Each structure stands twice: as structure tokens, then as C-alpha cells.
Amino acid sequence: GGLHHEGGRLLFLCSPHMLTIEDMIASGCHMSDLPLHDTTRDLLFMAEMRTAEASLNKKLDRLAIELAEAQARSDSLLYSMLPRPVVEDLREGRRARGKLEDAVSIL
């Protein structure tokens, strides 16, 4: 900050110390209170973007784990019901090949 003395008046120029939007709200400040060309605005927006990005990455990682677990359960169920070559053909978008057997049992 800086002090400027002009014509019997004292003007103090500074940037508020805020690192997050929550800091800004806690101080009772609004974005419109910050000067347009003050870097505090940009820093607050960047911090908010980083926080949001980290939150989304954490959520994406959690969803990827859940998807892998669901896929493993699905694979287990499919392999318990159908022969592995049939499952692999269906997964790759091919029609399952028929196979002629000499003797079969149906339950």
C-alpha cells in the first residue's frame, strides 16, 4: 500500500489480503468493492478455479474407481453365465459364434 497526501487529505492505496472467496465473504467485501485493475480479483478467481479443479479431479478419481469396481462385478457375472469366448465376441461388437457340440446337458 501507499500513503498519498494531497491538499490536506490523506489517501491510503492498498489491496486487501484475501486468498479465497470465503475470506472475501468473511471480511464483508464484495467483488464490486475491488478496483477493476487490482490483481486481488485475478488471484481470487484463480484460487477458486484451482479449488474447483481439485474437487472435480478428486470426484473423477472416485468415479473411475467405482466404474472399475462395477465393471469387475459385471465381468464376474457375465463369465459365470456365458463362456469366455462368447463374452469377448459380444464385447468387441461381433456376433457370438455358434459351436457344435456332440453332447450337451441343459438344466
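Use the structure listed above.
To start, this report covers the structure provided alongside it. Quick caveat: nothing in here was measured; it's all calculated off a predicted structure.

Analysis parameters
Residues numbered from 1 in each chain as written. Predicted model: local features only at pLDDT ≥ 70, side-chain atom pairs only at ≥ 80, totals over all residues. Heavy atoms only, no water. Helix = DSSP H or I, 4+ residues; strand = E, 2+ residues; numbered from the N terminus. Buried < 20%, exposed > 50% of the residue type's maximum accessible area, 1.4 Å probe, protein only. Contact = heavy atoms within 4.5 Å. Areas by Shrake-Rupley, 256 points an atom, 1.4 Å probe, with all protein chains shown as cover. Lys, Arg positive; Asp, Glu negative; His and termini not counted. Charge placed at Lys NZ, Arg CZ, Asp CG, Glu CD.

**Examining the overall build of the protein chain**
Each helix and strand in the protein chain was counted, giving three helices and two strands. Walking the protein chain from its N terminus toward its C terminus, one meets helices and strands in the order β-β-α-α-α. Viewed in the frame of its principal axes, the protein chain has a C-alpha envelope of about 110 × 25 × 15 Å. Residues classed as buried in the protein chain amount to 12% of the 107 residues present. The long-range share in the protein chain, meaning contacts at least 24 apart out of those at least 6 apart in sequence, stands at 13%. By element, 60% of the accessible surface of the protein chain is carried by carbon and sulfur atoms, the whole surface being about 9,600 Å². Across the protein chain, the mean location of the 13 positive side-chain charges is 7 Å away from that of the 17 negative side-chain charges.

**Things to note about the side chain of Thr-40**
Positionally, Thr-40 belongs in helix H2 (residues 39-81). Aside from chain neighbours lying at most four places away, what touches Thr-40 is Ser-15, Pro-16, Met-18 and Leu-34.

**Some thoughts on the environment of Leu-56**
Topologically, Leu-56 is positioned in helix H2. Exposure remark for Leu-56: the relative accessible area of 57% places this residue in the exposed category. As for Leu-56 and Ile-25, which are separated by 31 residues in sequence, their C-alpha atoms are 23 Å apart.

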